[in-house]
Amino acid sequence: MSSSALRSASSLKVRAFSAQLNKGLRQAPARFVQEMIVGIHLAQSLHLTDIARSLREDVNVHATHKRLSRNLGKKELIDFMSTALLNHAASKVTQDMIMVVHLSFDDSYSLCDISAIDPVSPDRYIPLLSRLWSRHAPDYQNDATEILTAVNQVNSATRGRGVFYCHQATLYPDLFWVLANAPNLRTVQFVDDRERVFIVDGQPRRVSELLVSVELPYGKLMFKMVDAAHAEWMDHAKWIGAGSSVNNNVDDKIEMSMFVHFGVSTVQLPDSDKQGELVIQGNSSNFDTDVRGLSYLTTGVTVDTRDQIWTLLQNEFLATDTEKVVINHKSRFNPSDVRVLTYDRLRVLNVLLQAVMYYEAYIEQDFAIQDHIVTSEPHPGSHYRDFLLPKN
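Residues numbered from 1 in each chain as written. Predicted model: local features only at pLDDT ≥ 70, side-chain atom pairs only at ≥ 80, totals over all residues. Heavy atoms only, no water.

Engineer: Give me the overall build of the protein: which residues, what numbers.
Structural biologist: Counting its secondary structure elements, the protein contains 11 helices and 13 strands. Within the protein, the proportion of its 392 residues that are buried is 50%. Here the analysis covers contacts within the protein between residues at least 6 apart in sequence; of these, 67% occur between residues at least 24 apart. For the protein, the accessible surface area stands at approximately 18800 Å², while carbon and sulfur atoms represent 48% of it. (Helix = DSSP H or I, 4+ residues; strand = E, 2+ residues; numbered from the N terminus. Buried < 20%, exposed > 50% of the residue type's maximum accessible area, 1.4 Å probe, protein only. Contact = heavy atoms within 4.5 Å. Areas by Shrake-Rupley, 256 points an atom, 1.4 Å probe, with all protein chains shown as cover.)

Given below as structure tokens:
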């Protein structure tokens, strides 16, 4: 059989990328990996029929579908491809890059996606690893173990160069403390439970107490894009913009100025000798004067100065942007609509999708982070604002 898609000059770049990943594979599985990476990229779909059609082979689509389906059962490709992609991508990770841990789950499967982003190039993210598991798998222990395995795998491949930002640790029992206590990891975790207890000066203190008592001596002005629906409860007299009223333009973008207050307190983890820093963030704006409300536990990260704390918070904003772009990028392929017969086949397909996402995001640069929600400069555009732009 012959594929016109694999012979096409337009697929040369993605074929060259796939060839880097399948080194060491026998001819048949190497060809399968190349066909799937090229096919998923061209079809923008995980359905084997769409992939088969995109390859444009000189046999009927059903025959191509059948061959791809048979090869999708090669579960040895899971570890091989995952390791090959991670080693390839990890070489792009430089010191202190943001490592964004995104978690998702449904009734059947859970996913841990880890991506890197460099604050120096905030529009370009690097997919590193995607680990899929089932709570019904015979080797399953718990979700925290699966996620820690993924994080440790990435940390090892990058030789500890990144700082892991995890917003969703509290969704999984014990994961917050597992990550915080893990040796050789540098982590920043959002603390959403105000009843969580840390040790401060030898005494147990709830986060709710620390939010009130810790001084916030530093501050920075930031600009935040919010949904137009917010205009329904905000004071319209404070908005400045051209065109028709905010009421009649609920699809318009809205930007608010926001003063970010911040400070830090050294804490000890309960039942542990390990120390961390609890970074407290509060926001005040024309519409909200409740300045205390957000906190992040950092371990292995130096936050001794104002600039170091502020860098951490800016990285936190960027990590949030990266999570959203990972979700949007993956949704291109509508993975929730995929129906494959076995758990291992789904895991093979997930690894191949991760390879395509890496190619599109980092090599082809076709999927960038275009919308940064919180920035240190006003967002460009003619949307409504609660402040005046300087005249140029």
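Here the narrative resumes, following the displayed structure.
Engineer: So what's going on with the nonpolar core? Which residues, and what values?
Structural biologist: Counting 105 residues, the largest nonpolar core has Met 36, Ile 37, Ile 40, Ile 114, Leu 128, Leu 297 and Leu 352 as its most contacted members. Excluding residues within four positions of it along the chain, Met 36 makes contact with Leu 48, Ile 51, Leu 68, Leu 72, Leu 349 and Leu 352. (Core = buried A, V, L, I, M, F, W, Y, C linked by side-chain atoms within 4.5 Å.)

Engineer: Explain the packing of helix 6 (residues 76-90) against helix 7 (residues 143-157) to me, and be specific about the residues and the numbers.
Structural biologist: The description of two helices packed together rests on the angle between their axes and the distance between the axes. Two elements in contact, helix 6 and helix 7, have axes whose closest approach is 9 Å; the angle formed by their N-to-C orientations is 45°. It follows from the interaxial angle that helix 6 and helix 7 lie oblique. Crossing of helix 6 over helix 7 shows right-handed handedness. For the pair formed by helix 6 and helix 7, the contact residues are Ser 82, Thr 83, Leu 86, Asn 87 and Ala 90 on the first element and Gln 153, Val 154 and Ala 157 on the second. (Axes fitted to C-alpha atoms, helices over the stretch in contact; angles between N-to-C directions. Parallel < 35°, antiparallel > 145°, perpendicular 65-115°, else oblique. Left-handed = near helix turned anticlockwise from the far one by under 90°.)

Engineer: Mind laying out helix 7, listing which residues take part and the relevant values?
Structural biologist: Taking 1.5 Å as the rise per residue, helix 7 with 15 residues should run 21 Å; its terminal C-alpha atoms sit 21 Å apart, in good agreement. All buried positions along helix 7 are accounted for by Asp 143, Ala 144, Glu 146, Ile 147, Leu 148, Ala 150, Val 151, Val 154 and Asn 155. Those residues of helix 7 that are buried lie in contact with helix 6, strand 1 (97-105), strand 2 (110-117), strand 3 (125-133), strand 4 (162-166) and helix 8 (175-181). Taking the backbone nitrogen of Ala 144 as reference, a side-chain oxygen 3.3 Å away marks Asn 142 as the first, capping residue of helix 7. Where helix 7 terminates, the next one or two residues include Arg 159, which has phi positive at roughly 55°. (Expected span 1.5 Å × (residues − 1). Polar contact = N/O pair within 3.5 Å; in protein donor to acceptor, adjacent residues only side chain to side chain.)

Engineer: Let's hear about unusual backbone geometry: which residues, and what values?
Structural biologist: Of note in this structure, Asp 96 is not a glycine but carries a positive phi near 70°. In this structure Asp 96 comes out as partly exposed when scored by relative accessible area, which is 41%. Phi is positive for Asp 271, close to 55°, though the residue is something other than glycine. Its location among the elements puts Asp 271 in the loop between strand 9 (254-268) and strand 10 (275-285).

Engineer: Give a detailed account of the pairing of strand 11 (residues 294-299), specifying residues and quantitative values.
Structural biologist: Within strand 11, 5 of the 6 residues are buried, which leaves it mostly tucked inside the rest of the structure. Summarising the sheet, strand 5 (residues 187-190) and strand 11 pair through 4 bridges and their orientation is antiparallel. Looking across to strand 11, one finds that Val 188 is bridged to Thr 298. With 5 bridges joining them, strand 10 and strand 11 adopt antiparallel strand pairing. Bridge pairing in strand 11 links Gln 281 to Leu 294. (Pairing = 2+ DSSP bridges.)

Engineer: If you had to explain the confidence of the model for the protein to someone new, which residues and values would you point to?
Structural biologist: Low pLDDT marks stretches whose predicted atomic positions should not be read closely. Put simply, the protein has an average pLDDT of 89, and 89% of its residues get 70 or more. Within the model, the stretch residues 242-251 combines pLDDT values under 50 with 14 contacts to residues more than four positions away or in other chains. (pLDDT = per-residue confidence, 0-100.)

Engineer: I'd like a description of the packing of aromatic side chains, backed by residues and values.
Structural biologist: For the coordinates displayed, the defined rule picks out 11 aromatic pairs. Both rings, one in Tyr 218 and one in Phe 262, keep their centres 5.6 Å apart while their planes meet at 40°; by these two values the pair is tilted. One end of the pair, Tyr 218, is in strand 8 (residues 218-226); the other, Phe 262, is in strand 9, and 44 residues separate them in sequence. Ring-pair connections join several aromatic residues into one group, and the members of that group are Phe 17, Tyr 358, Tyr 359 and Tyr 362. The ring of Phe 176 carries the charged tip of Arg 196 above its face, separated from the ring centre by 4.0 Å. (Phe/Tyr/Trp six-rings, centres within 6.5 Å; stacked < 30°, edge-to-face > 60°. Lys NZ or Arg CZ within 6 Å of the ring centre and 35° of its normal.)

Engineer: Break down the pattern of salt bridges for me, citing the residues and quoting the values.
Structural biologist: Counted according to the given criterion, the structure contains 14 salt bridges. Arg 67 is the salt-bridge partner of Glu 57, the closest N and O atoms lying 2.8 Å from each other. Here Arg 67 lies in helix 5 (residues 61-71) and Glu 57 lies in the loop between helix 4 (48-55) and helix 5, a separation of 10 residues in the sequence. Judged by relative accessible area, which is 13%, Arg 67 ranks as buried. Of the charged contacts, one joins Arg 347 and Asp 344 as a salt bridge, the two residues approaching to 3.2 Å between their closest N and O atoms. Of the two residues, Arg 347 and Asp 344 both sit in helix 11 (residues 343-363), 3 residues apart, roughly one turn of that helix. Take Asp 344: its relative accessible area is 23%, and that puts it in the partly exposed class. It is possible to trace a salt-bridge network through shared partners that takes in Arg 31, Glu 35, Glu 57 and Arg 67. (Salt bridge = Lys/Arg side-chain N within 4 Å of Asp/Glu carboxyl O.)

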